[in-house]
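What the coordinates show
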Amino acid sequence: MNAEPQASAPLAEAAPKVGFAAVPIWLIILTALLGYRGCMYVDQFGGGFDPKVYTPYASFKQLDDLQTKDANAEMIQRGKRRYNETCGQCHQAGGLGTPWQFPPLAGSEWVTAPDPARLIRISLHAVQGPITVNGQQWDLIMSLNAITLGISDDDLAAILTYIRQDWGNKAPAVTPAQIAAVKKETGDRATPWTAEELKAVPLK
Ligand code: HEC
C-alpha cells in the first residue's frame, strides 16, 4: 500500500519560490513614458521657474482680484488701459474732455449710438468741426486717430467697447470684425470726417 499522501506533489508546486524574475518590459516602458510626459509638462507649464511667474502674493484675494473674470471683462480692462495711453490724452481719463479743447465722450451720442458705424469712422480717420455733442457745438479738428496712433483692430475694438460701457455710457460691444468691415468700406481714406458726411452713413 502506498502511504504517501497523493496531494503532496501539487502542493509543492503551489508553494512560492525564492528567486529573481525579470521586471516586465511594459513596466519599464510605462515608467519611461510617464517620466518623459512629466518633463514635458514642467517644460510647458513651469514658466521656467521664473520669478516673474512665481511672484509671491500677499493673499489669495489679491491674486484673485488680478485674474480677469470673463472675455468681456478682459476686453474692457485692456480697452481702458489702451484708451488712457491714446485717446485719453485728449478726451481725459474720465471721458469728460476739456472745455474748449476736447469734446466729452461720456454721454456723447456719437459714442453711444447702438450701431458703431460712425464712431468707428471717427476713431479711424478723425473728425473736424463743426460738430454738435450733447447739444454743444465744437469747431475743432481731431489731430490724431487710431491709424496714426498705430492701434490694432483688436485694441480699437477694446477701446471702443470700453468707452461705450464706462462713465454711465451703455452701448453694445464693438468687435474687431466690425472695424475691419469699416476699413474695407472706407478704403484708403486718410482725411477727417465732417459731421455731415458721418450723418450720411446709414445706421442699422
Ligand atoms: C490729439 C487729441 C485727440 C486724440 C488723441 C483723440 N481725439 Fe477724439 N477728438 C478730438 C477733438 C479736438 C475732437 C473734436 C473735433 C471737432 O471739433 O470736430 C474729437 C472728437 C471725437 C469724437 C466726436 C465727438 C464726441 O465727443 O463724441 C469722438 C467719438 C472721438 N473724438 C473719439 C476718439 C477716440 C476713440 C480716440 C482714440 C482712438 C480719440 N478720439 C483720440 C481730439 C482727440
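Moving on: the site of the ligand. Residues in contact with the ligand amount to 28 residues; listed here are only the nearest, Cys-87, Cys-90, His-91, Ser-108 and Met-142. In the model, an oxygen atom of the ligand is placed 2.6 Å from a nitrogen or oxygen of the Pro-104 main chain. In the environment of the ligand, an oxygen atom lies 2.6 Å from a nitrogen or oxygen atom belonging to the side chain of Ser-108. More than half of the atoms of the ligand fall within 2 Å of the grid points belonging to the largest pocket. Counting only elements with at least two residues in the shell around the ligand, the list comes to helix 5 (88-91), helix 6 (109-112), helix 7 (117-125), strand 1 (127-128) and strand 2 (131-133). Considering only residue class, the shell around the ligand consists of 19 nonpolar, 8 polar and 1 charged.

Before going further, it helps to examine the coordination of the iron atom of the ligand. Taken together, the protein donors to the iron atom of the ligand comprise His-91 (NE2) and Met-142 (SD), at separations of 2.0 to 2.4 Å. One can describe the donor arrangement at the iron atom of the ligand as octahedral, given that its 6 donor atoms subtend angles of 85 to 179° at the metal. Residue His-91 is found in helix 5, and its partner Met-142 is found in the loop between strand 3 (136-138) and helix 8 (153-165); the two are separated by 51 residues along the sequence. On the basis of relative accessible area, His-91 is assigned to the buried category, the value being 12%.

Here helix 4 (residues 71-85) contains 15 residues, and its C-alpha end-to-end distance of 21 Å stays within 8% of the 21 Å for a straight helix at 1.5 Å per residue. Residues of helix 4 that are buried include every one of Met-75, Arg-78, Gly-79, Arg-82 and Tyr-83, and no others. Down the axis of helix 4, the smallest arc covering the buried residues is 140°, so these residues share one side. Buried residues along helix 4 sit against helix 5 and helix 8. By the N-cap criterion, in which a side-chain oxygen at the helix start approaches the backbone nitrogen of a residue two or three places on, helix 4 is capped by Asp-70, the distance to Asn-72 being 3.0 Å.

What follows deals with the domain arrangement of the protein chain. Domain annotation of the protein chain identifies domain 1 (24-67) and domain 2 (69-199). Computed over C-alpha atoms, the centres of domain 1 and domain 2 are 42 Å apart.

To continue, consider the environment of Ile-179. You can see Ile-179 is positioned in helix 9 (residues 176-186). Here the alpha-carbon distance between Ile-179 and Trp-193, two residues 14 residues apart in the chain, equals 16 Å. Excluding residues within four positions of it along the chain, Ile-179 makes contact with Ile-120, Leu-124, Asp-153, Leu-156, Ala-157 and Val-174.

Applying the stated criterion across every chain, the model contains 4 aromatic pairs. When the ring of Tyr-162 is compared with that of Trp-167, the centres are 5.5 Å apart and the planes differ by 75°; the resulting orientation is edge-to-face. Classification of Tyr-162 as buried rests on a relative accessible area of 2%. In this structure, Arg-189 packs its charged tip against the face of Trp-193, placed 3.8 Å from the ring centre.

Moving on to the pattern of salt bridges. Applying the stated criterion across every chain yields a total of 8 salt bridges. Here Asp-155 ties to Arg-82 by a salt bridge, and the two come within 2.9 Å at their closest N and O atoms. Residue Asp-155 is located in helix 8, and its partner Arg-82 is located in helix 4; the two are separated by 73 residues in the primary sequence. Here the salt bridges do not stand alone but share partners, grouping Glu-74, Arg-78, Arg-82, Glu-85 and Asp-155 into one network.

Turning our attention to the packing of helix 7 against helix 8. At a minimum axis distance of 11 Å, the contact between helix 7 and helix 8 shows a crossing angle of 125°. Considering their axes alone, helix 7 and helix 8 lie oblique with respect to each other. Two packed elements cross with a definite hand, and for helix 7 against helix 8 that hand is right-handed. Contacts between helix 7 and helix 8 involve Leu-119, Ile-120, Ser-123 and Leu-124 on the former and, on the latter, Leu-156, Leu-160, Ile-163 and Arg-164.

Criteria and cut-off values
- Residues numbered from 1 in each chain as written.
- Predicted model: local features only at pLDDT ≥ 70, side-chain atom pairs only at ≥ 80, totals over all residues.
- Heavy atoms only, no water.
- Near = heavy atom within 4 Å.
- Polar contact = N/O pair within 3.5 Å; in protein donor to acceptor, adjacent residues only side chain to side chain.
- 1 Å grid on protein atoms, 1.4 Å probe; cavity = no way out; pocket = protein on both sides within 12 Å on 5 of 7 lines; lining within 4 Å.
- Sits in = over half its atoms within 2 Å of the grid points.
- Helix = DSSP H or I, 4+ residues; strand = E, 2+ residues; numbered from the N terminus.
- Nonpolar A, V, L, I, M, F, W, Y, C, P; charged D, E, K, R; others polar.
- Donors = N, O, S within 2.8 Å, 3.2 Å for Na, K, Ca; no water.
- Tetrahedral: all angles 85-135°; square planar, octahedral: opposite > 155°, others 65-115°.
- Buried < 20%, exposed > 50% of the residue type's maximum accessible area, 1.4 Å probe, protein only.
- Expected span 1.5 Å × (residues − 1).
- Arc of directions from axis to C-beta.
- Contact = heavy atoms within 4.5 Å.
- Domains from an automatic or database assignment.
- Phe/Tyr/Trp six-rings, centres within 6.5 Å; stacked < 30°, edge-to-face > 60°.
- Lys NZ or Arg CZ within 6 Å of the ring centre and 35° of its normal.
- Salt bridge = Lys/Arg side-chain N within 4 Å of Asp/Glu carboxyl O.
- Axes fitted to C-alpha atoms, helices over the stretch in contact; angles between N-to-C directions.
- Parallel < 35°, antiparallel > 145°, perpendicular 65-115°, else oblique.
- Left-handed = near helix turned anticlockwise from the far one by under 90°.

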